Amino acid sequence: MKLPVVHHPAFTADIPSNHRFPMLKFKGVADTLLADGIVLPGGFVEPAPATREQLIRAHDETYVDQVLSATVPDKVAREIGFPMTHSVGFRGQCATGGSIETGRLALRHGIACNTAGGSHHARRLHGAGFCVFNDVAVAVRALQAEGLIRRALVVDLDVHQGDGTAEIFREDPSVFTFSMHSEKNYPVRKVPSDLDIPLPDNMEDGPYLEALDEVLEAMLRSFDPDIVFYNAGVDPHMDDRLGRLALTDAGLYERDARVMASVRGRGLPLACVLGGGYSKDIPVLARRHTIVHRVASGFA
């Protein structure tokens, strides 16, 4: 089977056209994957939206109900950064359902990719930083509840620290959280992961890959998870609007290849989610986001 790729049209929510979040990138990713033959026509796996039951395993019931009914308080909506409409809430459900399905597909096929996900700033009580639901946290809880896994490793290489994921799993020894991120970037107040590697501004490909190599194999060996969720954010790129690092496209490609080689080399299932990436040039950004799918195709 070709690489399983999960996509839903609702990944692109209705928000104001002048909003600084590049919402159209999700459609752009899907269109690029089809145009380049990485996914064949009709080949996307369309996920079911995450249910309330699935969401409340990782999030507070009151907050989940507020999102589902589009009654999120203004203060929380401002922290999230989106107008919390039914469209945005449903997008959160579908992106989260996408990561659940990506995990299931990875367990069956070895590797799978979402065309959204990586909303790692959403905490138990509320969302933040363009993240409504923490899709990876909900997915891990769902796979555990279904009896498919016991232990999960989250490898988060988005440029921003995975504070929400760290907070949700802070007291849970069955999940190991790893974040390698820009030290001086958002969020100002970090929540300690099981392993954090803060990086200085303007770090380039070589030192970045060396820092990753120093921990990746040892972490996989010592924790021995049943599945790995990989946040392949492209905001460490030198041209990203919200990043402070200096990776190139080639560096991102090599980063993804090293993660996949290490994980799949140990025979572990790998579920890849999109993560952050910020640019006004949607076609360029969408193509950059498809690096993870291109690399993953070589491991399918």
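Please refer to the structure placed before this passage.
Residues numbered from 1 in each chain as written. Predicted model: local features only at pLDDT ≥ 70, side-chain atom pairs only at ≥ 80, totals over all residues. Heavy atoms only, no water.

1. Observations concerning the overall build of the protein chain
Here is step 1: Secondary structure summary: the protein chain contains eleven helices and seven strands in total.
Here is step 2: Along the three orthogonal principal directions, the C-alpha set of the protein chain runs to about 45 × 40 × 40 Å.
Here is step 3: The proportion of buried residues among the 300 residues of the protein chain is 60%.
Here is step 4: For the protein chain, the accessible surface area stands at approximately 11800 Å², while carbon and sulfur atoms represent 50% of it.
Here is step 5: Put simply, the protein chain has 31 plus and 38 minus side-chain charges, and the middle of one group is 2 Å from the middle of the other. (Helix = DSSP H or I, 4+ residues; strand = E, 2+ residues; numbered from the N terminus. Buried < 20%, exposed > 50% of the residue type's maximum accessible area, 1.4 Å probe, protein only. Areas by Shrake-Rupley, 256 points an atom, 1.4 Å probe, with all protein chains shown as cover. Lys, Arg positive; Asp, Glu negative; His and termini not counted. Charge placed at Lys NZ, Arg CZ, Asp CG, Glu CD.)

2. Digging into helix α9 (residues 249-265)
Here is step 1: Taking 1.5 Å per residue as the helical rise, α9 with its 17 residues ought to reach 24 Å, and the 24 Å between its terminal C-alpha atoms agrees with that figure.
Here is step 2: Taken together, the buried positions of α9 are occupied by Gly251, Leu252, Arg255, Asp256, Ala257, Val259, Met260, Ser262 and Val263.
Here is step 3: Those residues of α9 that are buried are in contact with β2 (111-114), α8 (205-223), β6 (227-231), β7 (270-273), α10 (282-289) and α11 (291-297).
Here is step 4: Note on α9: the residue one or two positions beyond its end, glycine 267, has a positive phi of about 75 degrees. (Expected span 1.5 Å × (residues − 1). Contact = heavy atoms within 4.5 Å.)

3. Thoughts on the packing of aromatic side chains
Here is step 1: Tallied over the full model, the rule gives eight aromatic pairs.
Here is step 2: Relative to phenylalanine 82, the ring of phenylalanine 21 has its centre 5.1 Å away and its plane inclined at 90 degrees; by these criteria the two rings are edge-to-face. Of this pair, phenylalanine 21 sits in the loop between β1 (5-6) and α1 (25-35) while phenylalanine 82 sits in the loop between α4 (74-80) and α5 (86-109), placing them 61 residues apart in sequence. Phenylalanine 82 carries the same exposure label as phenylalanine 21, and that label is buried.
Here is step 3: Among the residues examined, phenylalanine 21 registers a relative accessible area of 7% and is labelled buried.
Here is step 4: One aromatic cluster is present, built from ring pairs that chain together Phe21, Phe26, Phe82, Phe130 and Tyr278.
Here is step 5: Across the ring face of tyrosine 278, the terminal group of lysine 25 is positioned such that the distance to the ring centre comes to 5.4 Å.
Here is step 6: Stacked on the ring of phenylalanine 223, the Lys or Arg arginine 151 has its end atom at 4.0 Å from the ring centre. (Phe/Tyr/Trp six-rings, centres within 6.5 Å; stacked < 30°, edge-to-face > 60°. Lys NZ or Arg CZ within 6 Å of the ring centre and 35° of its normal.)

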